[in-house]
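Coordinates in review
Residue strings, one per chain:
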Amino acid sequence: MKKIIVIIFLLFIAAENYGQFTFGPKIGYNAAKLSTDFDTIKESVRSTFQIGAFARLGKKLYVQPELYYATSGGSFKIEGTTLKQDIRMNNICVPVLVGYKVINAKVINLRVMAGPVATFIINKKVTTNDLIQYPLQKSDLKNIAWGLDLGAGADIFFLSLDIRYEIGLNNIYIIPENATDNKIKSNLFIVSLGFKLI
């Protein structure tokens, strides 16, 4: 309930700020990485994608909610060996960003933004080397990840380019009973291009 009140409050602020509205589809590239504190595990980046839509309400100060489908994940390799696991996740992502237009001209504007993102993990796939003794299972991963997006963007005519980094906030690893308190967090570097229809 508190989160809904905060979102409504932010939308109200943006609406009062001259009420400018923009909407359109977007596509993007993600460099996804699962960071962990497991001993002897080395993480590597996975190239993924996103597709969805964004809206923007406000002029100088604005709120930008988004809804998109994205893939994420990463690879875990046991240090000193060739043994590894590849994790792929399919997600529905809902960021709510608050931004400020540093330069706000008719042809071009430059923006900075930040805000929370809820990632609903709708499908998981884990590919494992058969020689790994205790592999990670799909059931070991939670169904929701929370993150914080920080970034900047530029609009040129009807094109809207965003560059963001998403910091994973919660542990998506379900810790088994009598196990050590290990963590897995999902982090992404995002480059996306939107097309303003309105």
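No experiment lies behind these values; they were computed from the predicted model shown. (Residues numbered from 1 in each chain as written. Predicted model: local features only at pLDDT ≥ 70, side-chain atom pairs only at ≥ 80, totals over all residues. Heavy atoms only, no water.)

**Let's talk about the confidence of the model for the chain**
- In the predicted model, the chain carries a mean pLDDT of 89, and 89% of its residues have values of at least 70.
- Ranking the helices and strands of the chain by mean pLDDT puts strand E8 (residues 159–168) first, with 98, and helix H1 (residues 2–16) last, with 54. (pLDDT = per-residue confidence, 0-100. Helix = DSSP H or I, 4+ residues; strand = E, 2+ residues; numbered from the N terminus.)

**A short note on the pairing of strand E7 (residues 144–156)**
- Across 13 bridges, strand E6 (residues 108–128) lies against E7 in antiparallel orientation. If you follow Met113 over to E7, its bridge partner there is Gly151.
- Relative to E8, E7 runs antiparallel, the two being bridged by 10 bridges. Residue Ala152 lies in a different strand from E8, and its bridge partner there is Ile163.
- The hairpin turn running from E7 into E8, its antiparallel successor, is two residues long, and Phe157 in that turn takes a positive phi close to 55 degrees. (Pairing = 2+ DSSP bridges.)

**Comments concerning the side chain of Glu166**
- By the secondary structure assignment, Glu166 is in strand E8.
- No salt bridge is formed by the buried Glu166. Its closest oppositely charged neighbour is Arg164, at 6.2 Å.
- If we skip the residues at most four places from it in the chain, Glu166 touches Tyr68, Val117, Thr119, Gly147, Leu148, Asp149, Ser186, Asn187, Leu188 and Ile190. (Buried < 20%, exposed > 50% of the residue type's maximum accessible area, 1.4 Å probe, protein only. Lys, Arg positive; Asp, Glu negative; His and termini not counted. Salt bridge = Lys/Arg side-chain N within 4 Å of Asp/Glu carboxyl O. Contact = heavy atoms within 4.5 Å.)

**Brief notes about a nonpolar patch on the surface**
- A surface patch of nonpolar side chains, amounting to about 960 Å² of accessible area, comprises Leu61, Tyr100, Val102, Ile103, Val107, Ile108, Leu110, Val112, Ile156, Phe157 and Phe158.
- Breaking the nonpolar patch down by element, the ones donating at least two residues are strand E5 (84–104) and E6.
- Looking at the element boundaries, Val102 is found in strand E5. (Patch = residues over 30% accessible without salt bridge, like charges linked within 9 Å, V, L, I, M, F, W, Y side chains within 5 Å. Areas by Shrake-Rupley, 256 points an atom, 1.4 Å probe, with all protein chains shown as cover.)

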